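Listed here are the chains, written in short residue letters.
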Amino acid sequence: MDELQSLAKETLDTIKEIAQTAQAKLQSGSDRGTDSFATSNAFTGANAHQNLANIQKNQDEGLRSLTREPAIMRMVLEDDAGNLRVAYISRTTGIVLGSGRQLASYRSDIGKLAEIPLGEMAVANSDGKPTRYYVIEKLSIKSQQLAKEWDSKPSVFRHLDADTKTISSLRDLLASESPADIADEFERMLAGFEASDIVQSGIKHQIRTAMGLRDQPILDQFQGTIFRLPLDEQLIILGPPGTGKTTTLIKRLGQKLDLLSLSDDERSVAVQNDHIRPHQQSWLMFTPSELLRHYLKEAFSLENISASDEHVKTWTSFRNSFARNTLGVLKTANGGRFLLNTNSEVVHQEVIQDPRDWFEAFMQFHKDWLKLQLKTGLPQVEAAAGEQHGELLQKLQVVVSRIEQDSLVASYQALRNLESELSSIQSESKTRADELIRKEQRRLFNQNQSVFAELAAHIETIDNATDELDEDDDEDASDEVDATSSKAPGSAARGTLFYAAAIRSLARNVFQKRTAPKSGRNAAVLAFLGERIPATDALKEIGRNASMQSGLGRFIKSHSKYVSSVASSYVRFRRSKDAKEQQFYSTKSKANEITPIELDLVILTMLKNARELLGQNFVKRNIEQTEFDYLQTISSHFRNQIMVDEATDFSILELACMESLTSPNTQSFFACGDFNQRITSTGIRHIEQLEWVSKRIKAHPIRVVYRQSRLLNRFANDLLELQKGDLSAAGQLPDDSIHEGVSPVLGENIEGEATVKWLADRINEVERSVGAGLFPTIAVLVNSEGAVQPMAEQLTPYLTNLKAAACSEGRSLGEGTDVRVFDIRHIKGLEFEAVFFVGIDQLAAEQPALFDRYLYVGATRAATYLGITCIGGLPASLEPVRNHFVGNWK
């Protein structure tokens, strides 16, 4: 007891000194200049000032965090010579203390020793030299300041030669008397009781009283290995609920955002794109729901990570904005290709579950189409060219002749060398074609000055007039049609553009002796004009110049079509013979509509092709040229770090898109998930699917669970075995955990008001169990969104001075002591002290394919208390686990 009291005094004195020193540094501004960084190569050049300013800002934030949370651990280390050393560890920032005691950041080399099990050895840099240390003793610190006095509540004490102990309060321990020092037997007995309340054997369970990710200041050895991997690694952490997967992800992000915590090599890579976005801002984390995004905010704050809505996103939100505003795939008022259809699915279910063959087939189709465009473009140019173009034709013939043996990208490089000559001739042809079309427009206008307004109004009344692509038209023609969107609907100016596009297409077909398409917008324009189209000779002359223009257009800036024409290629692919033969689609879709999974396919193709081009030397050397603006626009969305929480709920295409958003310099991609918790039909199912996303992604399993009681952990593992889940991912509790918990409760043959009364009774039992002064987090899970609000309204009157809050649409976390009511679909990743499942038998009937996964996910949200109700009896599939249940917690 005396030894622990001495430890408590030293620890509290040091906590106070750290906080006071940090406050003094903030007030004086000492040690916050930039001179000390002048020698680092990473901070030279145009962005050095900004880098140093960011570091100073981070230092200030670190000092402020020390005033709130001075330390998170005290360690005793022993080197090979037997010398003992005491080191205090802070969450993010280390400073020099006047007392001579050492304070190191957890992100530092010394900080990693906090993860090492007692008695084990690790090498850490000490005074610039690698030194072997053995960990002898650890004291976890949870700093609190009340009335200017510091305390740690609670602390866990571990020593190599002693049992683990939980100390409820270091200050209470310091103030208590040792029973051995008290002469009076009665007083000694009372002191013994008091001491046993303050110091308990094992790790005492901390009741969850607030919403938010469980704080784990120090990771375990396995998590720590992941946390400290180099910046350019790609990894997925796989493990059961409550293993700290998301915490590890966030801590890694914090360490890798701290430039001073990076190695020199990491730092030099991290700042390469600072002219686009500073490294500290160059990250994205994707979560499957808005609710989880809000749930993680406090965890980010504890790590001094500024996490705005621009950094933590759902994939749906990011994808729709990216496709609409950056890639131009979704329609806007100013153009775009598709309308997003979220209400139907046109792709076969087998393809949705594993879209790899579908993607590969489309990618090949797109490349073949682009090759065909170049091959057919050559005879088109040859037919329209004059004698003066002979040398140019020979050069084009060489490129086209090698197109099958060379890659498309190699062909694009060769064509770029001819760009100037090609552009000059195309410009002449375009000018001549435009002049001839303008002449025909003037002739028509002189006959009827309202004709173009009438044409525009007519075309806009025809349903699906733009649905069909003209198979024979080039990309320039479709671009010209898209340009009409900038004109006011029904305007004469819009009509002139409709006219020009249709006559240009007709003229090319006449010159090339092809049959004009009978459907599509151009066909509708020609039908409207009837006999008012230009004479044949005029059409042939327009057609010759337009054919030269469009033919050459296939060779000019051809590299851009590798990315920009993906959307139009997809329209062709959907109705291609290959797509029909491989049966990718279950129903026919409108050409101007696209479903979410199809949009993912298009985005992934564009990203992969853009990244391939960005890796070419001819692009790297000329990236600042305007011709590559489209690549710079896309790459501006790349991030130095991409993080994905609950990755197994995302599809293989979604994950591949996310991985393709990593900066080519870092390629840093970290994800976490659990195949046993997948609750979406589109989520990835096997590790081999991740290998398709990126061959560099490694899987790293972790199994130690820090959330559940022993009884609930046994129930969850039995449930996993019953549903034939992956038992290698079953949770294991720490050996020194003493949280036995209580058995789950079951209520059968109850519905309506009886269910509400049953829930209220169990909630009262939970509240009595945890004792006065605490109210644990409680969640009630219902089977549909429509049941959330009614359940909250029905339950509130039966609660004792409490409110049941409807957390609708996964967008709200409730407040304070609310009993939260959720749709089961929205609670992935959350944690509560108590969880109640309502109508589990109804869920089994409504969603038989995912019912067992929903139950597993819901059951593993609970730390101590789990309750389940059934309208009828327990589903037959759950009878093998009935022995786990009791009737109540009285």
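See the structure printed just above.
**Quick look at the packing of helix 15 (residues 419-447) against helix 18 (residues 492-511)**
Axis angle and axis distance: for two packed helices, these are the angle between their axes and the distance between the axes, and together they describe the pair. The N-to-C vectors of helix 15 and helix 18 enclose an angle of 120°; their axes lie 11 Å apart at closest approach. Here helix 15 is positioned oblique relative to helix 18, judged by the angle of their axes. For the crossing formed where helix 15 meets helix 18, the hand is right-handed. From helix 15, Ala433, Asp434, Ile437, Glu440, Gln441 and Leu444 reach across to helix 18, where they touch Thr496, Tyr499, Ala500 and Arg504.

**Quick word on helix 22 (residues 566-574)**
Here helix 22 lies mainly inside the structure; 9 of its 9 residues are buried. Three or more residues of helix 22 are buried, namely Val566, Ala567, Ser568, Ser569, Tyr570, Val571, Arg572, Phe573 and Arg574.

**Observations concerning the sheet that holds strand 22 (residues 819-823)**
The strand order 19-24-23-20-22-21 describes an open sheet built from 6 strands, whose pairing is parallel. Two strands close off the open sheet at either side, each with one partner strand: strand 19 (745-747) and strand 21 (804-806). The mean inter-strand angle of the sheet, taken between neighbouring strand axes irrespective of direction, is 25°. Bridge count for strand 19 against strand 24 (residues 862-869) is 3 bridges, and the pairing is parallel. Counted as the bridge partner of Gly747 is Thr869 from strand 24. Against the sheet, helix 33 (residues 851-859) touches strand 20 (778-782), strand 23 (832-837) and strand 24, its axis set at about 150° to strand 23.

**Details of unusual backbone geometry**
With an omega of -10°, the peptide bond running from Lys153 to Pro154 counts as cis. Note on placement: Pro154 falls in the loop between strand 7 (149-152) and strand 8 (155-159). The phi dihedral of Asn801 falls on the positive side, at around 55°, and the residue is not glycine. Looking at the element boundaries, Asn801 is found in the loop between helix 31 (788-795) and strand 21. Since its relative accessible area comes to 80%, Asn801 is described here as exposed.

**Brief notes about the packing of helix 12 (residues 356-384) against helix 24 (residues 596-614)**
Contact pair helix 12 / helix 24: the axes reach a minimum separation of 11 Å and the direction vectors enclose 55°. Looking at the two axes, helix 12 sits oblique to helix 24. When the axes of helix 12 and helix 24 are compared, the crossing they make is right-handed. Residue-level inspection shows Trp358, Phe359, Phe362, Met363 and His366 of helix 12 in contact with helix 24, the latter providing Ile597, Glu598, Leu601, Leu604, Thr605, Lys608 and Asn609.

**Notes on the pattern of salt bridges**
Within this structure, the stated rule accounts for 46 salt bridges. Between Glu69 and Arg91 there is a salt bridge; the shortest N-O distance is 2.8 Å. A residue pair is termed long-range when its members are at least 10 positions apart, and Glu69 in the loop between helix 2 (48-68) and strand 1 (73-79) and Arg91 in the loop between strand 2 (84-90) and strand 3 (102-105) qualify at 22 residues. Taken together, the salt bridges that share partners define one network made up of Glu69, Arg91, Arg107, Asp215, Lys251, Asp258 and Glu303.

**Some remarks on the side chain of His739**
Its location among the elements puts His739 in the loop between helix 29 (710-722) and strand 19. Classification of His739 by relative accessible area gives buried; the value is 11%. A polar contact is formed between the side chain of His739 and the side chain of Thr864, at a distance of 2.9 Å. Filtering out sequence-adjacent residues up to four positions away, His739 remains in contact with Ile203, His205, Gln708, Ser709, Arg710, Ala863 and Thr864.

**What to know about the sheet that holds strand 17 (residues 668-673)**
Within a sheet, each strand pairs with its neighbour through backbone hydrogen bonds, oriented either parallel or antiparallel. Spatially, 6 strands are ordered 13-12-16-17-11-18 in an open sheet, and the strand pairing comes out parallel. The open sheet has two free edges, formed respectively by strand 13 (312-314) and strand 18 (698-701), since each of these has just one partner strand. The mean angle between the axes of side-by-side strands here comes to 20°, regardless of whether they run parallel or antiparallel. Two elements, strand 12 (residues 283-287) and strand 13, share 3 bridges in a ladder whose sense is parallel. Paired with Phe286 across the strands is Lys313, a residue of strand 13.

**So, the pairing of strand 12**
Within strand 12, 5 of the 5 residues are buried, leaving the element largely enclosed by the surrounding structure. By the alternation rule, side chains of strand 12 split into Trp283, Met285 and Thr287 and Leu284 and Phe286, which are all buried. Pairing between strand 12 and strand 16 (residues 641-644): 4 bridges, direction parallel. Within strand 16, the residue paired with Phe286 across the bridge is Val644.

**With respect to helix 19 (residues 521-529)**
Here helix 19 lies mainly inside the structure; 8 of its 9 residues are buried. Every buried residue of helix 19 is listed here: Arg521, Asn522, Ala523, Ala524, Val525, Leu526, Phe528 and Leu529. At the C-terminal side of helix 19, Gly530 shows a positive phi close to 60°.

**Considerations on the nonpolar core**
Membership of the largest hydrophobic core comes to 75 residues, with the highest contact counts inside it found for Trp358, Phe573 and Leu631. Considering each element in turn, this core owes the most residues, 11 residues, to helix 24. Of all hydrophobic cores here, the second largest spans 60 residues; its members include Leu253, Phe670, Leu720 and Tyr854.

About the cut-offs
Residues numbered from 1 in each chain as written. Predicted model: local features only at pLDDT ≥ 70, side-chain atom pairs only at ≥ 80, totals over all residues. Heavy atoms only, no water. Axes fitted to C-alpha atoms, helices over the stretch in contact; angles between N-to-C directions. Helix = DSSP H or I, 4+ residues; strand = E, 2+ residues; numbered from the N terminus. Parallel < 35°, antiparallel > 145°, perpendicular 65-115°, else oblique. Left-handed = near helix turned anticlockwise from the far one by under 90°. Contact = heavy atoms within 4.5 Å. Buried < 20%, exposed > 50% of the residue type's maximum accessible area, 1.4 Å probe, protein only. Pairing = 2+ DSSP bridges. Salt bridge = Lys/Arg side-chain N within 4 Å of Asp/Glu carboxyl O. Polar contact = N/O pair within 3.5 Å; in protein donor to acceptor, adjacent residues only side chain to side chain. Core = buried A, V, L, I, M, F, W, Y, C linked by side-chain atoms within 4.5 Å.

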